[in-house]
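The chain contents come next:
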Amino acid sequence: MSKYIPWPAYYDDAPIDLRFVYDGAPAGKHGFVKADGDIFTFSDGTPARFWGTNFNGAANFPSHDYAEKVARRLAKIGCNIVRFHQLDSEWHTPNIFAFTKGKRLSATMELDPESMDRLDYLIYSLKREGIYVYMDIFTYRKFKADDGVENTIALGDAAKPYSSYNRRLIELQKKFAYDFWTHLNPYTGMAHKDDPVFAMGEIVNESDLFSRKIEVEPYASEFRSLYDKWLKTKGLTDDAFSCDLSANIPSLIEFKIYLQEKYYDEMIGFLREIGVKIPLCGTNWAMCGANVKTQMRGDFTDGHTYFYDWQWGKHNCMNRRQTEVAEPATAGLMRARVAGMPYFVSEWDMPWPNEFRAESSLLYAAVGSLQGWGGYAIHTYAYTPYLDRMDTLGKEVSSGAIGGVAYREGIFSTWNDPAKFGLFYHAALIQRRSDVRMSDGNLKINERDLGMGAPMDAYRTIAEQTKAGACFDGSGTVEQDTRIISEDAGEVRSDTGELYRSWDKGYGVIDTDRTQAVYGLLEKQGKIEMKALSVESKTDFAVVALSSLTDMPISESDNMLLTTVGRAKNTGAKFTGEHMDEYGEAPILAEVIEATLTIKTARRDLRVWAVNAEGFYHGVVPVTYTDDGMTFTLGEQFPSVYYLISAE
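Not measured: the values here are computed from a predicted model.

**Points about the packing of helix H8 (residues 360-371) against helix H9 (residues 424-432)**
Phase 1 of the analysis: Their axes nearest at 8 Å, the elements H8 and H9 cross at an angle of 5°. In terms of axis orientation, H8 runs roughly parallel to H9. Judged by residue contacts, Ser361, Leu362, Ala365, Ala366, Gly368 and Ser369 of H8 engage Phe424, His426, Ala427, Ile430 and Gln431 from H9.
Phase 2 of the analysis: In terms of residue class, the contact of H8 with H9 is made up of six nonpolar, five polar and no charged.

Written out as structure tokens, the structure is:
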């Protein structure tokens, strides 16, 4: 029978403070971020590597007091980037166009002054704590009739995909971008365009001409007219006015590439003209090779990935482990990365209430460090700034949002989840310190079939083996329909030797000098040996992670953080199979991980302190020293999620 302990989260603090590990504050101290080959660096040459989160919707407009507290909390945990996401979404309150609901909003051409004040102070607070901003400027904007836009009632979020070619929609994007980037932040004393707290940005979130239907009038007819003119300039006889605009017609794909690249060129050129200095990308998903190819017009590429089986409007859960499948939702990330360009993952998640979600944080961080990617931002920290009133997992909004869409009630919220956010200390160390060594590989995968539904076999599982990316000039050595790592192999090991995962056995290992971790079905593996750490778990599913908090390897360190976590749930939560019947109530519960650990160290002055959710020491775990090092058993006395192992 599993044991659980209460593990409440506090919106204004974190139990352990790792700010001393990093040279981070204030953000911008090393100058602007820039694209430097296939990585990001700061203008003074310092490597720029990020681990962080998204703020969604109203979470971007907190009170000044909350802004200071959330910035400090994130910095303590190790986060150094926040992506501002959904600023322009009218469904939440506040948003960038309206601080409150009630008055009819007939246009979206003015930035609400109170919303901007809140956002400005948040930027100021993040900057002081060494946290950078990824700017997602165009996401869910709902255009209005007084914007001078036709058929607004039929247009979806951000008028996708018509906003990439309609002149009025492009001009409105330019106005919004100008108003935001030239805005003077009174708290920093700088215009946003001149502030190096902004690390990078995108033109539009999750939009493309390849996967989205082109059917709303008059925009569909406009597209056909543009296509027809282009065909004539090319001397082609395809019929623009009767063809299926979703078909993989070679000339249609080529035209969409042309039109999307033209849009990126115009928007990026405009931003450069008004003085925006940060690296910019077009959009942030793969969808097909054609869309990825157009991303080469930007300074870097960006990807999104989710390990779940979402059904719109349902509180369901794909209750599967990433350690039981050959492809843990990294193939799409690999395809979105163009060889030779920097890469960032601005959204990822393995959402609650999947009971195995604790696997995700370390796996993705390790993959990013192996690949040399610029970083990650999980989707999302929260949808609201009212976290002082929230004390359960998966339910932060008081009732249904946008017609009862489940995920906007908090399913993706991670700020209080010990199973995911609880491991961010180690994930940040892996990514920001490059604890997992970057692969020396340079695998290029030829993208020849650019249409929707094209094969992507070569990308499956390769993220955990060697550095790789897509190429479009024919210089690659592997074709996109070639499966490099067979599912029948049952396992994958990185070319650095530091990562291993077996989907046959159901577990994974991260084995570096300063961070060592195991995750998955640990009990049935018996004793798992790493360089300086061995783990023998009595709990069936668990994550055990140990990181040195010094420059020394684990075997020599005098200060280490140990985290043990597995399942986490609300008190009284009820399920029927994978269907969630009841959320449950506070307090949040964390499963006690029972395991015996041995750390190979010559030191004899280390104590294992259990640390509770409030950051109190609540007991010293007994240790036995032998010639092999120090051995101790967790779960029997002073059970916790966190343990500080420090020299007296």
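**What to know about empty space enclosed by the protein**
Phase 1 of the analysis: For the coordinates displayed, the defined rule picks out eight cavities of 30 Å³ or more.
Phase 2 of the analysis: The calculated volume of the largest cavity comes to roughly 190 Å³.
Phase 3 of the analysis: Forming the walls of the largest cavity are 19 residues, and the residues nearest its centre are Trp7, Ala9, Pro15, Arg73 and Tyr642.
Phase 4 of the analysis: For the lining of the largest cavity, the class distribution of residues is 14 nonpolar, two polar and three charged.
Phase 5 of the analysis: Of the voids in this model, the second largest cavity is the one considered here, and its volume is about 100 Å³.
Phase 6 of the analysis: Lining the second largest cavity are 13 residues; nearest its centre among them are Ile137, Phe138, Gln173, Ala177 and Ile203.
Phase 7 of the analysis: At four residues, helix H3 (residues 167-181) tops the list of elements feeding residues into the lining of the second largest cavity.
Phase 8 of the analysis: Residues of the lining of the second largest cavity, tallied by class, amount to ten nonpolar, one polar and two charged.

**A closer look at the side chain of Arg432**
Phase 1 of the analysis: Among the secondary structure elements, Arg432 is positioned in helix H9.
Phase 2 of the analysis: Notably, Arg432 is buried but unbridged: the nearest opposite-charge side chain belongs to Asp23, and the N-O separation is 8.4 Å.
Phase 3 of the analysis: Polar side-chain contacts of Arg432 include one of 2.8 Å to the backbone oxygen of Gly78.
Phase 4 of the analysis: Non-local contacts of Arg432, meaning those with residues more than four positions away in its chain, are made with Tyr22, Arg49, Phe50, Trp51, Gly78, Cys79 and Asn80.

About the thresholds
- Residues numbered from 1 in each chain as written.
- Predicted model: local features only at pLDDT ≥ 70, side-chain atom pairs only at ≥ 80, totals over all residues.
- Heavy atoms only, no water.
- Axes fitted to C-alpha atoms, helices over the stretch in contact; angles between N-to-C directions.
- Helix = DSSP H or I, 4+ residues; strand = E, 2+ residues; numbered from the N terminus.
- Parallel < 35°, antiparallel > 145°, perpendicular 65-115°, else oblique.
- Contact = heavy atoms within 4.5 Å.
- Nonpolar A, V, L, I, M, F, W, Y, C, P; charged D, E, K, R; others polar.
- 1 Å grid on protein atoms, 1.4 Å probe; cavity = no way out; pocket = protein on both sides within 12 Å on 5 of 7 lines; lining within 4 Å.
- Points joined across faces, edges and corners; volume = space filled by probe spheres on them.
- Buried < 20%, exposed > 50% of the residue type's maximum accessible area, 1.4 Å probe, protein only.
- Lys, Arg positive; Asp, Glu negative; His and termini not counted.
- Salt bridge = Lys/Arg side-chain N within 4 Å of Asp/Glu carboxyl O.
- Polar contact = N/O pair within 3.5 Å; in protein donor to acceptor, adjacent residues only side chain to side chain.

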